[in-house]
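# Working through the structure, step by step
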Amino acid sequence: MTESELIQRCEIEHLKYGDELHLFEVGDFYEIRGIEATEVAPLLNLPISTREYDACIRYKERVAIIDFPKNDTKYVEELKRRGYYCVVLEERNGKNKEG
């Protein structure tokens, strides 16, 4: 599964269940991507940036991203306080896998 496909799958699950957020573990940070990032950025008072991902062989797409340090628990605590269920996706061997 490509990175873009994984983000799309997470967005579909988020739209289905509403309270599920996907936190991508990247080094010492968690990233929230796509529509999930644009939804919760104002709640966490975090700026939105974008990153380019391969959407398919022919083109790339820019995806909204917010990130915060894993060891700063206030962000996850705030999301839980607001009723979100956080799912962490770990990166293994350079690829994201559900963890």
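First, a word on scope: everything that follows refers to the structure included in this document.

## As for the overall build of the protein chain
A tally of regular secondary structure across the protein chain gives three helices and six strands. If you list the helices and strands of the protein chain from N to C, you get α-β-β-α-β-β-α-β-β. Within the protein chain, the fraction of its 99 residues that count as buried is 39%. Restricting the contact set of the protein chain to residue pairs at least 6 apart, pairs at least 24 apart contribute 53%. As displayed, the protein chain offers around 6,300 Å² of accessible surface, 47% of which is attributable to carbon and sulfur atoms.

## Some words on the environment of D67
Position of D67 among the secondary structure elements: in strand β4 (residues 60–69). Judged by relative accessible area, which is 38%, D67 ranks as partly exposed. Apart from the residues lying within four places of it in its own chain, the contact partners of D67 are F29, Y30, E31 and L46.

## Here's the deal with the environment of L23
Summarising the element assignment, L23 is placed in strand β1 (residues 20–26). Residues L23 and V88 lie 65 residues apart in sequence; the distance between their C-alpha atoms is 4.7 Å. Apart from the residues lying within four places of it in its own chain, the contact partners of L23 are Y30, E31, I32, F68, V76, C86, V87, V88 and L89.

## Focus on helix α2 (residues 35–44)
Taken together, the buried positions of α2 are occupied by E36, A37, V40, A41 and L44. In a view along the axis of α2, the buried residues occupy a sector of 130°, so they form one face of it.

## A closer look at helix α3 (residues 74–81)
Within α3, the full set of buried residues consists of Y75, V76, E78 and L79. One side of α3 holds all its buried residues, which, seen down the axis, span an arc of 160°. Exposed positions of α3 whose direction lies more than 90 degrees from the buried face are K80 and R81.

## Thoughts on the packing of α2 against α3
Direction vectors running N to C along α2 and α3 enclose 105°, while the axes themselves pass 11 Å from each other. As the angle between them shows, α2 and α3 are arranged roughly perpendicular. Between α2 and α3, the contacting residues are V40, L43 and L44 on the first element and Y75, E78 and L79 on the second. Here the residues of the contact of α2 with α3 are counted per class, giving five nonpolar, no polar and one charged.

How each quantity is defined
Residues numbered from 1 in each chain as written. Predicted model: local features only at pLDDT ≥ 70, side-chain atom pairs only at ≥ 80, totals over all residues. Heavy atoms only, no water. Helix = DSSP H or I, 4+ residues; strand = E, 2+ residues; numbered from the N terminus. Buried < 20%, exposed > 50% of the residue type's maximum accessible area, 1.4 Å probe, protein only. Contact = heavy atoms within 4.5 Å. Areas by Shrake-Rupley, 256 points an atom, 1.4 Å probe, with all protein chains shown as cover. Arc of directions from axis to C-beta. Axes fitted to C-alpha atoms, helices over the stretch in contact; angles between N-to-C directions. Parallel < 35°, antiparallel > 145°, perpendicular 65-115°, else oblique. Nonpolar A, V, L, I, M, F, W, Y, C, P; charged D, E, K, R; others polar.

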